[in-house]
Amino acid sequence: MKKFMAIGLSVLFAVFFVVSCAEKPTAPKAGSAKADDMLSLLPKESFGVIVVDVNRILTTESVDKAIKENKNYQKYLEFVQETGVDPQKDVFFFVGAMSGVVREGAQDGVAVVNLKYDRTKLLAKIQKEQGELAKTEYNGFTVYQAAAKEGKKPVSGAFLDESNIILGTDSAVKSVIDVYQKKAENIWKSESLPSLLKGMNRNAMIWGGFAVPAEAMKKAASQNPMLGAFANIQSIIMSFDYRNQNVLAEIKAMCPDEAKTKQMADALNGFKALGAGVAAKEPLVGELLNKIEIFSAADHVKISASIPEDLIKSLGEKAKVEKAQPESKN
């Protein structure tokens, strides 16, 4: 569950990049917003989405314990004091979307963080951590931009209203502003995503999916023969949840050809069988593999797993020990 905590904290640190200035029409309100409300802010051009119910994740018993027992808990408290934002109480949703052409460096991405916050304190924190940011005006909003990192597009952001902050590539941030101001259509007007969204487990803590361009899968398969069985995937949907001290995961790859879905399932089971050698030496790996099930149906192949929290913790502790061993020999 520490990974869940890391997701929540990452959402908060992403907020550092974001600012704007203007009171605009209402949007999902922090504390009462629903996931579908958040999706209504994403642009029609999106080909993929992810929704993280941050509040549910950070308030689970295991994550709460992990936060308080973490060696950096004092820094967490200092962050709360300095910004006025307590991740466990004040951050509710993180939704993200991808758009653009699927090729290296061509995608645009945007995220909307739904939270309760003090704009003045956050601005002060941003100035302290990042220094002055470049800024431009767009339809009544101030869009701030951090310096670009090598090989990546610069990060832009804006305060959308008192409950929502947006960040991402410059064009994607502006597209959310357009949707918010009803100058552009939202994701529910997309040709492909609404039907895909209806098939997602929208009650999970983390869920999402994306349409897969045919040319992208065929190109990947041509470059790596091991991916040949997956060349006909049209879309992928996934969900991750936590229930009764188990992490529940489900991934579905959609394909209209039943023979192809069976071929994919056979390939995945083959990959799973390759892990038998590792499992023979490491029982924990074998236990993990036994929790993974693979099925094929007429229009999809599904990977599902129910993994006990204790098993995840044991794997994590073993990884730490193995990582430390080479260091101790030096």
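Structure shown above.
About the cut-offs
Residues numbered from 1 in each chain as written. Predicted model: local features only at pLDDT ≥ 70, side-chain atom pairs only at ≥ 80, totals over all residues. Heavy atoms only, no water. Pairing = 2+ DSSP bridges. Helix = DSSP H or I, 4+ residues; strand = E, 2+ residues; numbered from the N terminus. Buried < 20%, exposed > 50% of the residue type's maximum accessible area, 1.4 Å probe, protein only. Polar contact = N/O pair within 3.5 Å; in protein donor to acceptor, adjacent residues only side chain to side chain. Expected span 1.5 Å × (residues − 1). Arc of directions from axis to C-beta. Contact = heavy atoms within 4.5 Å. Core = buried A, V, L, I, M, F, W, Y, C linked by side-chain atoms within 4.5 Å.

Undergrad: Can you explain the pairing of strand β4 (residues 134-138)? Please cite residues and give values.
TA: In regular strands, side chains alternate between the two faces of the sheet. Two strands pair when backbone bridges link them, and β4 and strand β5 (residues 141-145) are joined in this way by 5 bridges, in the antiparallel orientation. Opposite Y138, over in β5, you have F141 as the bridge partner. The loop that links β4 with its antiparallel partner β5 comprises 2 residues; one of these, N139, has a positive phi angle of about 50°.

Undergrad: For helix α13 (residues 283-290), give the residues involved together with the corresponding values.
TA: Residues spaced three or four apart along an α-helix face the same direction, because each turn holds 3.6 residues. Along α13, the residues that are buried comprise L284, G286 and L289. Where α13 begins, the capping side chain belongs to E282, and its oxygen is found 3.0 Å from the backbone nitrogen of L284.

Undergrad: Describe helix α11 (residues 258-274), listing the residues and the values that go with them.
TA: The end-to-end C-alpha distance of α11, which contains 17 residues, comes to 25 Å, matching closely the 24 Å that a straight helix rising 1.5 Å per residue would cover. Buried within α11 are the following residues: T261, M264, A265, A267 and L268. On an axial view of α11, the arc spanned by its buried residues comes to 160°, and they lie on one face. Among the exposed residues of α11, those pointing more than 90 degrees away from its buried face are A259, A273 and L274. Among the structural elements, β10 (246-254), β11 (292-296) and β12 (300-308) are those in contact with the buried residues of α11.

Undergrad: I'd like a rundown of the nonpolar core, residues and numbers included.
TA: Counting residues in each nonpolar core, the largest one holds 34 residues, and the members touching the most others are L42 and V49. Elements with a minimum of two residues in this core: α2 (35-39), β1 (48-53), β2 (91-100), β3 (107-115), β5, α8 (170-180) and α9 (193-198). Here V49 is in contact with L39, L42, G96, A97, I187, L193, L197, M200, W207, G208 and G209, once residues within four sequence places are set aside. If you look at the next biggest cluster of nonpolar residues, it comprises 23 residues, including Y76, L167, I206 and Y242.

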